[in-house]
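The residues making up each chain are set out below.
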Amino acid sequence: MEKATQSCTSTNSSGSYANCQSGYLAVSCSCGNACVSWDIQSEKTCHFQCANQDWTSACCCMIGNK
Amino acid sequence: MEKATQSCTSTNSSGSYANCQSGYLAVSCSCGNACVSWDIQSEKTCHFQCANQDWTSACCCMIGNK
Amino acid sequence: MEKATQSCTSTNSSGSYANCQSGYLAVSCSCGNACVSWDIQSEKTCHFQCANQDWTSACCCMIGNK
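Residues numbered from 1 in each chain as written. Chains lettered and ligands numbered in written order. Predicted model: local features only at pLDDT ≥ 70, side-chain atom pairs only at ≥ 80, totals over all residues. Heavy atoms only, no water.

In its Subcellular location (unreviewed entry) section, the UniProt record describing chain A reads: "Secreted". (UniProt positions renumbered as here; feature names shortened; annotations may be inferred.)

Now the structure itself:
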């Protein structure tokens with residue numbers, strides 16, 4: 001009987017965008033420069049809407065079947 | 001053999017609250033007016049605790065069995 | 001036939017860290033003191049990187065098989 005599992009990881013990039021790896025979905029976003037206005041594009045990309053972001057981080061989660 | 005899958009989407013509302021659609025759970029919240037203090041109510045509603053929020057967005061995720 | 005389900009809950013702590021209960025993963029973090037720079041450690045712990053955090057909250061999610 002297969003069981004569903006969840007794993008999450010973070011990806012970090014300089015600038016205003018951070019992409020999750022293949023198979024993972026972005027579920028939340030963090031940044032380095034006092035911006036709280038973000039959106040998730042195509043279920044995989046964190047985007048901060050303020051200018052001059054030094055770094056952006058995406059929390060990425062995946063469902064597995066084991 | 002059924003496999004578990006995950007899908008996420010965002011909902012946006014004016015003001016301090018944003019609700020996920022039926023079957024989805026809120027997993028993170030974003031806003032338009034420099035507020036970082038938020039909570040999730042009844043697993044489905046993003047709520048920002050600062051006054052004068054112009055918009056609130058909820059990241060909503062659902063587990064499917066296909 | 002087992003079906004996968006998802007449940008989420010929040011944990012709150014004073015200071016800069018909040019831990020999810022056993023079996024849950026941290027998927028997003030909120031705080032009380034105007035900080036947007038956070039990271040998730042060991043998939044279970046929300047950590048805010050700014051000084052003087054009064055409280056930290058973790059949104060914690062778990063996949064079940066029913």
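Let us keep going from here.
Engineer: Outline the interface of chain C and chain B, listing residues and values.
Structural biologist: Chain C puts 22 residues into the contact, and the matching count from chain B is 17 residues. Approximately 1,400 Å² of surface area, both sides summed, lies buried where chain C meets chain B, with 57% of it carried by carbon and sulfur atoms. Taken together, the connections running from chain C to chain B amount to 0 salt bridges. At the junction of chain C with chain B, the criterion picks out 7 residue pairs in polar contact (both at pLDDT 80 or more). Looking at the side of chain C that touches chain B, the elements with two or more residues in it are β1 (4-14), β3 (25-31) and β6 (55-65) of chain C. Here the residues of the side of chain C that touches chain B are counted per class, giving 13 nonpolar, 7 polar and 2 charged. (Contact = heavy atoms within 4.5 Å. Buried area = accessible area lost by both parts, 1.4 Å probe. Salt bridge = Lys/Arg side-chain N within 4 Å of Asp/Glu carboxyl O. Polar contact = N/O pair within 3.5 Å; in protein donor to acceptor, adjacent residues only side chain to side chain. Helix = DSSP H or I, 4+ residues; strand = E, 2+ residues; numbered from the N terminus. Nonpolar A, V, L, I, M, F, W, Y, C, P; charged D, E, K, R; others polar.)

Engineer: Outline the relation of the copies chain C and chain B, supporting the account with residue identities and numerical values.
Structural biologist: Mapping chain C onto chain B calls for a screw motion: a turn of 120° about the axis and a shift of 0.0 Å along it, with 0.0 Å RMSD after fitting. Such a combination of rotation and displacement between the chain copies is what one expects of a three-fold axis. (Least-squares fit on C-alpha atoms with pLDDT ≥ 70 in both.)

Engineer: An account of the pairing of strand β4 (residues 38-41) of chain A is needed here, citing residue identities and associated values.
Structural biologist: Residue and element names in this part refer to chain A. The side-chain alternation of β4 yields one buried face, formed by W38 and I40, and one unburied face, formed by D39 and Q41. Here β4 pairs with strand β5 (residues 45-48) via 4 bridges, running antiparallel. Residue pairing in the sheet places I40 in a bridge with C46 of β5. Linking two consecutive strands that pair antiparallel, namely β4 and β5, is a turn of 3 residues; a positive phi of about 50° is found at S42 within it. (Buried < 20%, exposed > 50% of the residue type's maximum accessible area, 1.4 Å probe, protein only. Pairing = 2+ DSSP bridges.)

Engineer: Please set out the sheet that holds strand β5 (residues 45-48) of chain B residue by residue, giving values where relevant.
Structural biologist: Whenever strands of a sheet pair, they do so through backbone hydrogen bonds, lying parallel or antiparallel. All names here are of chain B. Across the sheet, which stays open at both edges, the 3 strands sit in the order β2-β5-β4 with antiparallel pairing between neighbours. The strands lining the two open edges of the sheet, one partner per strand, are β2 (17-19) and β4 (38-41). Looking at each pair of strands side by side, their axes are set apart by 20° on average, direction ignored. (Axes fitted to C-alpha atoms, helices over the stretch in contact; angles between N-to-C directions.)

Engineer: Hey, could you go over the state of the cysteines for me, with residue numbers and the actual values?
Structural biologist: The tally for this structure, following the rule as stated, stands at 12 disulfides over all chains. The disulfide partner of C20(A) is C60(A), and the gap between their sulfur atoms is 2.1 Å. Disulfide C20(A)-C60(A): the torsion about the S-S bond is -85°, which places it as left-handed. Of this pair, C20(A) sits in the loop between β2 (17-19) and β3 (25-31) while C60(A) sits in strand β6 (residues 55-65), placing them 40 residues apart in sequence. Of the two residues, C20(A) and C60(A), both sit in the buried class. Here C8(B) is linked by a disulfide to C61(B), with a sulfur-sulfur distance of 2.0 Å. Judged by the torsion about the S-S bond (105°), the C8(B)/C61(B) disulfide is right-handed. Taken together, the positions of C8(B) in strand β1 (residues 4-14) and C61(B) in strand β6 (residues 55-65) put the pair 53 residues apart, joining distant regions of the chain. Going through chain A in sequence order and numbering each bonded cysteine, the pairs you get are 1-8, 2-7, 3-5, 4-6. The closest cysteine sulfur to the non-disulfide-bonded C59(A) is located on C61(A), 4.3 Å from its own sulfur. (Disulfide = S-S within 2.5 Å.)

Engineer: Go over unusual backbone geometry, please, and point to the residues and values.
Structural biologist: Residues and elements named next belong to chain B. Despite not being glycine, S42 has its phi angle at roughly 55°, a positive value. Along the polypeptide, S42 turns up in the loop between β4 and β5. Residue class for S42 comes out exposed when judged on its relative accessible area of 67%.

Engineer: So what's going on with the sheet that holds strand β5 (residues 45-48) of chain C? Residues and values would help.
Structural biologist: Residue and element names in this part refer to chain C. Reading across from one edge, β2-β5-β4 is the order of the 3 strands in this open sheet, with antiparallel pairing throughout. Lying at the two open borders of the sheet, with one neighbouring strand each, are β2 (17-19) and β4 (38-41). On average, adjacent strands in this sheet sit at an angle of 20° to one another, irrespective of strand direction.

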